[in-house]
Amino acid sequence: MKKIWDKHLVDQEVGKPGIIYIDLHLLHEVTSPQAFEGLRLSNRSVRRPNLSFATMDHNVPTKDRYNIKDPPISKKQIETLEKNCEEFGVTLYGLDSLIKVSSILLDQSLA
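Below is a summary of the structure that appears in this document.

Here we take up unusual backbone geometry. Of note, the phi angle at N43 is positive, near 55 degrees, even though the residue is not glycine. The topology assignment puts N43 in the loop between α2 (32-41) and β4 (52-55). Looking at N43, the relative accessible area reads 73%, which means it is exposed.

Here it is in structure tokens:
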């Protein structure tokens, strides 16, 4: 973890949190709604949509991936991610894709 931190550290003042630059941003359907809403409320955009990628990999069943019903919030999270990615210009690997966050990390063409 320290190697990753050091590689991305931009500034570190004594007694203050460090500032890091993240060059690849991976999103999923569970926690991204809050982030997108924060952008909306502050009238901001995604800074580098070309370096942001979203996948649906927490609520999608392994079998019958289009039959998302349990828990009921799962379908809503997936629909919200689709809407947010379209609105903010983020590439989404949706239900038709087998790409997950772990495979994005391994794909050097995205890094």
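That shown, we press on.
Taken as a whole and assessed by the stated rule, the structure comprises two aromatic pairs. Their ring planes at 35 degrees and their centres at 5.1 Å tell us that F36 and F88 sit as a pair that is tilted. One end of the pair, F36, is in helix α2; the other, F88, is in helix α3 (residues 73-88), with 52 residues separating them in the sequence. An identical accessibility class is assigned to F36 and F88; each is buried. Aromatic pair F53 and Y93: ring centres 6.4 Å apart, planes at 25 degrees, arrangement stacked. Here F53, found in strand β4, pairs with Y93, found in strand β5 (residues 91-93); they are 40 residues apart in sequence, far enough to count as distant. The same class applies to F53 as to Y93, namely buried.

The next subject is a nonpolar patch on the surface. A surface patch of nonpolar side chains, about 270 Å² in accessible area, is lined by W5, I20 and I22. Among the secondary structure elements, I20 is positioned in strand β2 (residues 19-20).

The rules behind these values
- Residues numbered from 1 in each chain as written.
- Predicted model: local features only at pLDDT ≥ 70, side-chain atom pairs only at ≥ 80, totals over all residues.
- Heavy atoms only, no water.
- Helix = DSSP H or I, 4+ residues; strand = E, 2+ residues; numbered from the N terminus.
- Buried < 20%, exposed > 50% of the residue type's maximum accessible area, 1.4 Å probe, protein only.
- Phe/Tyr/Trp six-rings, centres within 6.5 Å; stacked < 30°, edge-to-face > 60°.
- Patch = residues over 30% accessible without salt bridge, like charges linked within 9 Å, V, L, I, M, F, W, Y side chains within 5 Å.
- Areas by Shrake-Rupley, 256 points an atom, 1.4 Å probe, with all protein chains shown as cover.
- Salt bridge = Lys/Arg side-chain N within 4 Å of Asp/Glu carboxyl O.

Function cannot be inferred from these measures alone, as they are strictly geometric.
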